[in-house]
Amino acid sequence: MTLAGRLRTACALVPAVLLAVLAAGPAEAQGYRYWSFWQRPASAKPAQEWAYATQGPATARPGDGDAVGFRFAVSEDSAHAAKPRPAEDFAAVCDRTPAKEGTKRVAVVIDFGTAGDASGGEHPPAARTACAQVPGDASAAEALAAVAKPLRYDSNALLCAIEGYPRTGCGEKADAPSNTSATPGTAPESASEGDGAGDVGPLFGVAAVLALGGAAWWQARRRRG
């Protein structure tokens, strides 16, 4: 191939390489900022920890000795949702609440999340636990209301705020944490200086193609001269 042909080929490759680099760029995973609902039956073994609830708190009816948990976080889906962090079990939460006929005791664990989960400059309160003593047919939502008012719901009965947190918003979209290997309940770590090294290679590839094209153009002009 002649030098002019090589020049045309190198220049033609530049747009293709640029498109490839743009397409290979990391895409931000989209998640939602919301209160997730968790359950831990009295019969559950300690190793089972929390289980993501298969129904909403308005319809779930925990039994006496059960624990329910609520965690505010940004999550892509239930498979990646962050669990409540307090480790207290039913005994630790309700040991000072004596049983009463016609009622049940439900341990309520509330985790307001991390600063990374918050929006609008809000600061999450510290996680806490409470023992709700409610009628035997009470739902998880009623147990929560007994110990953590005020609650805020949207028009679709989605739980938006516990004890007034957060002040605004309800299940809005947000960038999901990129550090999926982090322990559930921890904020994603900030990027270090070395974290961006993987993004430099494609840029060098573009620079190399441009340099080759420029060198071929310069040699062509020199030969003509």
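This write-up is about the structure you can find in this document.

What counts and what doesn't
Residues numbered from 1 in each chain as written. Predicted model: local features only at pLDDT ≥ 70, side-chain atom pairs only at ≥ 80, totals over all residues. Heavy atoms only, no water. Helix = DSSP H or I, 4+ residues; strand = E, 2+ residues; numbered from the N terminus. Buried < 20%, exposed > 50% of the residue type's maximum accessible area, 1.4 Å probe, protein only. Contact = heavy atoms within 4.5 Å. Areas by Shrake-Rupley, 256 points an atom, 1.4 Å probe, with all protein chains shown as cover. Salt bridge = Lys/Arg side-chain N within 4 Å of Asp/Glu carboxyl O. Lys, Arg positive; Asp, Glu negative; His and termini not counted. Polar contact = N/O pair within 3.5 Å; in protein donor to acceptor, adjacent residues only side chain to side chain. Phe/Tyr/Trp six-rings, centres within 6.5 Å; stacked < 30°, edge-to-face > 60°. Lys NZ or Arg CZ within 6 Å of the ring centre and 35° of its normal. Disulfide = S-S within 2.5 Å. Core = buried A, V, L, I, M, F, W, Y, C linked by side-chain atoms within 4.5 Å.

### As for the overall build of the protein chain
Piece 1. The secondary structure content of the protein chain amounts to 4 helices and 8 strands.
Piece 2. Reading the protein chain from its N end, one meets helices and strands in the order α-β-β-β-α-β-β-α-β-β-β-α.
Piece 3. A buried classification covers 35% of the 225 residues belonging to the protein chain.
Piece 4. Long-range pairs, those at least 24 residues apart, make up 67% of the contacts in the protein chain with a sequence separation of at least 6.
Piece 5. Approximately 13,500 Å² of the protein chain is accessible, and the part contributed by carbon and sulfur atoms is 56%.

### Observations regarding the pattern of salt bridges
Piece 1. Summed over the entire model, instances satisfying the criterion amount to 8 salt bridges.
Piece 2. Note that R105 and D64 form a salt bridge whose closest N and O atoms lie 4.0 Å from each other. With R105 in strand β4 (residues 103-111) and D64 in the loop between β2 (51-52) and β3 (67-75), the pair connects residues that are 41 residues apart, well separated along the chain.
Piece 3. A relative accessible area of 45% means that D64 is categorised as partly exposed.
Piece 4. When the shortest N-O distance is used, the salt bridge between E163 and R128 registers 2.3 Å. In this pair, E163 is assigned in the loop between β7 (159-162) and β8 (172-175) and R128 in strand β5 (residues 128-135), connecting sequence segments 35 residues apart.
Piece 5. Three or more residues joined by partner-sharing salt bridges are found here, namely R71, R85, D111 and D117.

### Topic: the side chain of D66
Piece 1. By secondary structure assignment, the location of D66 is in the loop between β2 and β3.
Piece 2. Nearest to the buried, unbridged D66 among oppositely charged side chains is K104, at 7.3 Å.
Piece 3. Looking at D66, its side chain comes within polar contact range of the main-chain nitrogen of G63, at 2.7 Å.
Piece 4. Dropping the residues within four chain positions of it, D66 is found in contact with R40, P41, A42, F90, R105, V106 and A107.

### Some thoughts on the packing of aromatic side chains
Piece 1. Within this structure, the stated rule accounts for 6 aromatic pairs.
Piece 2. Note on F72 and Y165: the rings are 5.5 Å apart at their centroids and 75° apart in plane angle, and the pair reads as edge-to-face. Here F72 is found in strand β3, whereas its partner Y165 is found in the loop between β7 and β8, with 93 residues between them in sequence. By the burial criterion, F72 is buried, and Y165 matches it.
Piece 3. An aromatic cluster is defined as three or more aromatic residues linked by ring pairs; in this entry it consists of W35, F72, F112 and Y165.
Piece 4. Sitting over the face of the ring of W50, R40 holds its NZ or CZ atom 4.2 Å from the ring centroid.

### Details of the state of the cysteines
Piece 1. As enumerated under the stated definition, the model contains 2 disulfides in all.
Piece 2. Paired through a disulfide, C94 and C131 show a sulfur-sulfur distance of 2.1 Å. Disulfide C94-C131: torsion about the S-S bond near 110°, hence right-handed. Placement of C94 in helix α2 (residues 90-94) and of C131 in strand β5 is noted, with a sequence separation of 37 residues between them. Neither C94 nor C131 differs from the other in exposure class; each is buried.
Piece 3. Once the bonded cysteines of the protein chain are numbered in order along the sequence, the disulfide links fall as 1-2, 3-4.

### A short note on the nonpolar core
Piece 1. Core analysis: the biggest nonpolar cluster contains 24 residues, and W35, F70, V108, I110, L144 and I162 have the highest contact counts within it.
Piece 2. Among the elements that line this core, the one with the most residues is helix α3 (residues 140-147), at 4 residues.
Piece 3. Residues contacting L144, with those up to four places away along its chain left out, are F70, V108, I110, L151, L159 and I162.
Piece 4. Core analysis: the next-biggest nonpolar cluster, separate from the first, contains 11 residues, W50, F90, V93 and C94 among them.

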